[in-house]
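Summary of structural features
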Amino acid sequence: MTLTVYNTLTRRQEPFKTVEPGKVKMYYCGVTVYDYCHLGHARACIVWDVVRRYLQFIGYEVRYVQNFTDVDDKILNRARQEHSSMEAVAERFIKAYFEDMARLGIKEADEYPRATHTMNGIQRLIHELENKGFAYPSDGDVYYAVRQFGEYGKLSGRKLEDMQAGKSDRVNIEDPEYQKKKDPFDFALWKAAKPGEPAWESPWGAGRPGWHIECSAMVRDRLGETIDIHAGGADLIFPHHENEIAQSEAVTGKPLANYWLHNGMVKVDGEKMSKSLGNFTTIRDLLDRNVDPMALRLFVLMAQYRKPLDFTDDAIAAATNGWHTLKEGLLFGHQYGKQLNWGVGSGEWGVENTSLLPEFVERFQEAINDDFNFPGGVSVLFELAKELRREGNIIVHEGKTDTPAEELQKQWQTLVTLAEVLGLTAQPEAETTVNDGLSDAEIEDLIQQRQAARKARNFAEGDRIRNELQAKGVTLIDSPEGTRWHRS
Ligand SMILES: Nc1ncnc2c1ncn2[C@@H]1O[C@H](COP(=O)(O)OP(=O)(O)OP(=O)(O)O)[C@@H](O)[C@H]1O
Ligand SMILES: [Zn+2]
């Protein structure tokens, strides 16, 4: 069975082959931190979280890097409105990001580089572009000379000739930048400092980087010259990813990424949900309205990841119903395992020891291997969950079932394992209450053990401790300042 993925670059579904056997280098363009994350971000983060989990499930070692854009006009505007600083605004929303993603069960990235921490790499890249004739300084700014890069447009399929200057939203003749460019299609790599704005010293004078160059620099610094997967929302194909390719490939002469994957947009009344349009529902608002985070995950995973997804209350209600069915199946073992004499006392009901049902695992893989067809994967989970629910009803009404206990155990373990690949997990209420008794010191101790494991790059153990705490009703929130926790 081979995984095939749709590659925006080639506009084809292709077999997935990594640069280094067994290893995947993956970069996801993360958020610009000037507001709370909305359901569009939730979709993107869930989709890439599950892609990563699935790649791990089928045996790859995945190195996952996600950036924070923490220098941007929009952050500056917010700082001005709040009489605060760009740094303070960015810190606040990075912290909020981690809180929201922890609630959604998103696995942490291996690294979260930020533009402000990548100034050397950014300047080095601009310098190399200048040396190779792809960039020119202009009045304290530096621009990328788009026409120098013969392959410009290869990702988005746009041709410069077809993009009418003056009509494109990139070409605004009122923009003071327009005057500084040799060609309207050129874009800023470095912008001269304006009075009162944060600025970094550079060979071109004090200023700050453009948005596109930061990702090129971060990919190169953290993952190298050619990575396997570059991911992001479809709204980034042009110009952001096109420009990343132009910048990186002009310097290295190598492909920046072999696979360009893009998630579809969450839409509201036909329009992209976005911070700048103001038509958004934040993740925290939705979850505070008692929508289960797992229902939100299911809402996302029940749609093909590349297609647009309409956000409506009805769709969330349908996903919530679906989640209740899955949850019943996921709790089956906790509810009836003892009665059915499954590996009593193991706590995990012997998940590690007994094999899964190969036909379901195969069908699950077959679905997802087809360009991450998560809805297909979810339908395999539903089949298992409904069967277990039926068995549960029989046990409740008749006190027993004729289906062999071992068979049921396998079904349940298969369901739990495959659901975990999609990040769908259920905690039995009783277990949460029983284990609520963890003392603060015990929690701190486990957090320390987790930190030690992560330091030793044993991320699996780190995740295990996080999950153990989660199962005991303790949520961890990682932030650049360290790990905080709260009881749920
Ligand atoms: N509505 C959406 N649906 C799916 N993905 C989205 C949506 N909006 C943003 N993303 C993705 O989330 C990531 C971060 O996006 P970003 O911070 O630019 O959010 P945004 O709401 O588009 O902000 P802005 O309106 O300021 O551009 C990107 O990969 C982007 O493609
Ligand atoms: Zn990017």
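A short tour of the structure in this document, coming up. (Residues numbered from 1 in each chain as written. Chains lettered and ligands numbered in written order. Predicted model: local features only at pLDDT ≥ 70, side-chain atom pairs only at ≥ 80, totals over all residues. Heavy atoms only, no water.)

Thoughts on empty space enclosed by the protein
To be explicit about the condition: The definitions used throughout rest on a 1 Å grid laid over the protein atoms alone, on which a cavity is an enclosed set of points accommodating a 1.4 Å probe that cannot get out and a pocket is an open set flanked by protein within 12 Å on both sides along at least five of seven lines; lining residues are those having an atom within 4 Å of a point. Grid points are joined across faces, edges and corners, and a volume is the space filled by probe spheres set on the points. In this count, Pro and Cys sit with the nonpolar residues alongside Ala, Val, Leu, Ile, Met, Phe, Trp and Tyr, while Asp, Glu, Lys and Arg are called charged and the others, Gly among them, polar. The helix and strand labels rest on DSSP assignments: H or I over at least four residues marks a helix, E over at least two residues marks a strand, and numbering proceeds from the N terminus.
Considering all chains together, one arrives at 2 cavities of 30 Å³ or more under this definition. There is about 70 Å³ of room inside the largest cavity. If you trace the largest cavity, you find it lined by Tyr-97, Phe-98, Met-101, Ala-102, Ile-106, Lys-107, Glu-108, Tyr-112, Arg-466, Leu-476, Ile-477 and Asp-478. By residue class, the composition of the lining of the largest cavity is 8 nonpolar, no polar and 4 charged. Roughly 40 Å³ of volume is contained in the second largest cavity. Together, Leu-125, Ser-216, Arg-220, Gly-224, Glu-225, Ser-248, Thr-252 and Leu-256 line the second largest cavity. When residues of the lining of the second largest cavity are traced back to their parent elements, those giving at least two are α6 (211–222) and α7 (237–252). Considered class by class, the residues forming the lining of the second largest cavity number 2 nonpolar, 4 polar and 2 charged.

Observations concerning the sheet that holds strand β13 (residues 309–310)
How we decide: For two strands to count as paired, DSSP must find a minimum of two bridges between them.
The sheet built from 3 strands is open, its strands ordered β12-β11-β13 with mixed pairing. Where the open sheet ends on each side, the last strands, each with one partner, are β12 (271–272) and β13.

With respect to the site of ligand 1
Rules: Whether a residue is near a molecule or strand is decided by its heavy atoms; if any one of them lies within 4 Å of it, the residue is near. Any pair of nitrogen or oxygen atoms within 3.5 Å is treated as a polar contact; in protein, a donor-acceptor pairing is required on top of that, and neighbouring residues in sequence qualify only through side-chain atoms on both sides. Exposure was quantified through the Shrake-Rupley algorithm and a 1.4 Å probe, taking into account, for residues, occlusion by the shown protein chains and nothing else.
Taken together, the neighbourhood of ligand 1 is formed by 23 residues, with Tyr-34, His-38, Asp-235, Lys-272 and Ser-276 sitting nearest. A distance of 2.9 Å is found between an oxygen atom of ligand 1 and a backbone nitrogen or oxygen belonging to Cys-29. Between ligand 1 and the protein, one listed contact pairs an oxygen atom with a side-chain N or O atom of Tyr-34 at 2.5 Å. Protein contact buries 95% of the 600 Å² of open area that ligand 1 shows by itself. Looking at the shell around ligand 1, the elements with two or more residues in it are α1 (39–57) and β9 (227–233). Residues that form the shell around ligand 1 fall into these classes: 8 nonpolar, 11 polar and 4 charged.

Topic: the environment of Phe-149
Short version of the rule: Whether two residues are in contact is decided by their heavy atoms: any pair within 4.5 Å suffices.
Note on placement: Phe-149 falls in the loop between β6 (141–144) and α5 (176–180). Once the C-alpha coordinates of Phe-149 and Gln-413 are considered, the two residues, 264 residues apart in sequence, prove to be 53 Å apart. In this view, Phe-149 contacts Phe-134, Tyr-144, Ile-245, Ala-246, Glu-249 and Ala-250; residues no more than four positions away in its chain are not counted.

Regarding the sheet that holds strand β5 (residues 135–138)
What counts, and what does not: Fitting a line to C-alpha atoms yields each axis, with helices limited to the stretch in contact; the angle taken between N-to-C directions then spans 0 to 180 degrees.
Across the sheet, which stays open at both edges, the 4 strands sit in the order β5-β6-β7-β8 with antiparallel pairing between neighbours. The open sheet has two free edges, formed respectively by β5 and β8 (207–209), since each of these has just one partner strand. On average, each strand axis in the sheet is inclined to that of its neighbour by 20°, with strand direction left out of account. Judged from the 3 bridges that link them, strand β7 (residues 187–192) and β8 form a sheet pairing that is antiparallel. Across the sheet, the residue bridging to Trp-190 is Pro-209, located in β8.

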